[in-house]
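What follows is the residue order along each chain.
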Amino acid sequence: MGLLTIGTFAKASRLSPKALRLYDELGLLPPAHVDPASGYRFYAPEQLERARLVAWLRRLGMPLARIQRVCALDAVAAAQEIRVFWAQVEADTAARRDLASFLVDHLSGKDPTMSPIAEPLTIRYAALSDRGLIRESNQDTAYAGPRLLAVADGFGSHGAPASAAAVEALKHLQTESIPVGDLLNVLGDAAEQAARTVNDATQQADSTDADGGTTLTAMLWTGSRLALVHIGDSRAHLLRDGELFQITHDHTVVQSMLDEGSLAPEEALSHPQRSLLVRALGQGADATPDVRLHDARRGDRYLLCSDGLSAVVPTGAIHRVLSESREPEEAVLALVALANGAGGPDNVSCVVADVDELG
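Starting from 1, residues in each chain are numbered consecutively following that chain's sequence as written. Local features in a predicted model are, by the rule used here, given only for residues with pLDDT of at least 70; side-chain atom pairs are given and counted only at 80 or more, and totals for whole chains, interfaces and linings are based on all residues. With hydrogens and water stripped out, all remaining heavy atoms of the structure feed into the side-chain values.

**Some points on the state of the cysteines**
Point 1. In this description, a disulfide is simply a cysteine sulfur pair whose atoms lie within 2.5 Å. Taken as a whole, this structure holds zero disulfides when the rule is applied.
Point 2. Of the cysteine sulfurs around Cys-305, a residue in no disulfide, the closest is that of Cys-350, at 5.9 Å.
Point 3. Throughout, exposure labels follow a simple rule: accessible area from a 1.4 Å probe, protein chains only, divided by the maximum for the residue type, with under 20% read as buried, over 50% as exposed, and the rest as partly exposed. Judged by relative accessible area, which is 0%, Cys-305 ranks as buried.

**What to know about the pattern of salt bridges**
Point 1. By definition here, a salt bridge exists when the distance from a side-chain nitrogen of Lys or Arg to a carboxyl oxygen of Asp or Glu is within 4 Å. The tally for this structure, following the rule as stated, stands at 15 salt bridges.
Point 2. As a salt-bridge pair, Glu-168 and Lys-171 come within 3.3 Å of each other at their nearest N and O atoms.
Point 3. On the basis of relative accessible area, Glu-168 is assigned to the partly exposed category, the value being 48%.
Point 4. Residue Lys-171 is classed as partly exposed on the basis of its relative accessible area of 27%.
Point 5. In this structure, Asp-300 and Arg-240 form a salt bridge, with 2.6 Å as the shortest nitrogen-oxygen distance. With Asp-300 in the loop between strand 13 (290–295) and strand 14 (301–305) and Arg-240 in strand 10 (residues 235–240), this pair connects stretches of sequence that are 60 residues apart.
Point 6. Salt bridges here are not isolated pairs; linked through shared partners, they connect Arg-124, Arg-301, Glu-327, Asp-354 and Asp-356. Secondary structure counts use DSSP, requiring at least four H or I residues in a row for a helix and at least two E residues in a row for a strand, with both numbered from the N terminus.

**Let's talk about the layout of surface pockets**
Point 1. Taken as a whole, the largest pocket holds about 1,200 Å³ of empty space.
Point 2. Of all the secondary-structure elements, those providing two or more residues to the lining of the largest pocket are strand 6 (148–155), strand 10, strand 11 (243–246), helix 8 (253–259), helix 9 (265–268), helix 10 (307–310) and helix 11 (315–324). The rule is simple: put a 1 Å grid over the protein atoms alone, call a set of points where a 1.4 Å probe fits but cannot get out a cavity, call an open set with protein on both sides within 12 Å along at least five of seven lines a pocket, and count a residue as lining if it has an atom within 4 Å of a point. Grid points are joined across faces, edges and corners, and a volume is the space filled by probe spheres set on the points.

On their own, these measurements won't tell you what the molecule is for.
Below, the structure written as structure tokens:
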């Protein structure tokens, strides 16, 4: 078969001639031959496979720059890149769905987090971060104060300054008076500032290498409510009335596969990509946070932890420690001991906060 005209090739590939001209200009899909006199483009039949791949990826909504990277990879690597991209889409969609639900409930007066009468409450808290038994250094940061609770799990060669910078960027919120109606916007702005601070910290650590990033899971206490900001796979749990609830959603490839039903929970535990993040703070990462409000009740116990705990200690054991420990200090010590007792393969950080009556 000879060369195909741009019109014939467009029909066969389901790409418009206008799109083909654009992809030629970008170097994504150059024609096999261009007539020097007329400038008319001709394509080889063997280019159809690449053209159809480009068309499918565009239907997925993948940006052209990323499509160029995918097309340059072998089949196995290309499939992995598509899997990572779609996991990001799923995570972004879930975040927008949660925000839409919150706004609908809030504007219709049904928002349970905005109850008009709140019991005056306070929190008692403790934080602990440990290197673990295998890692040479600790890249986690754990912090607990009268208003701010935070855990950040750094990664890469500059993970330690990244996690420290992320938490430091939120500390100013402890001294600010924030109306409840503005709380979500303030937290969102703080997360954006944390992303910029992390980028600055990793670049300053070594001007030739910006390899570093971090997760961030933090809660801001307002006196009757806890506002949550979450990016990555550190977690927040709530122990209420004897039951333990995970109140964050992991931003990982594996969690996205679980959400779409392509992976069973038992398979996730040993999946080789279980630590691959689709959202984080760091150079080039998607730093879109989950931001929510939670009504606090007397007797609630909150746990924030890095995956150095959640990835190695069964949920049942975490539940038992949180239920049996009388004080937050006792709980964080016991949880870190459990992680190290399970081999301590990673840094482990925990923050535990108890909600109690004021005064």
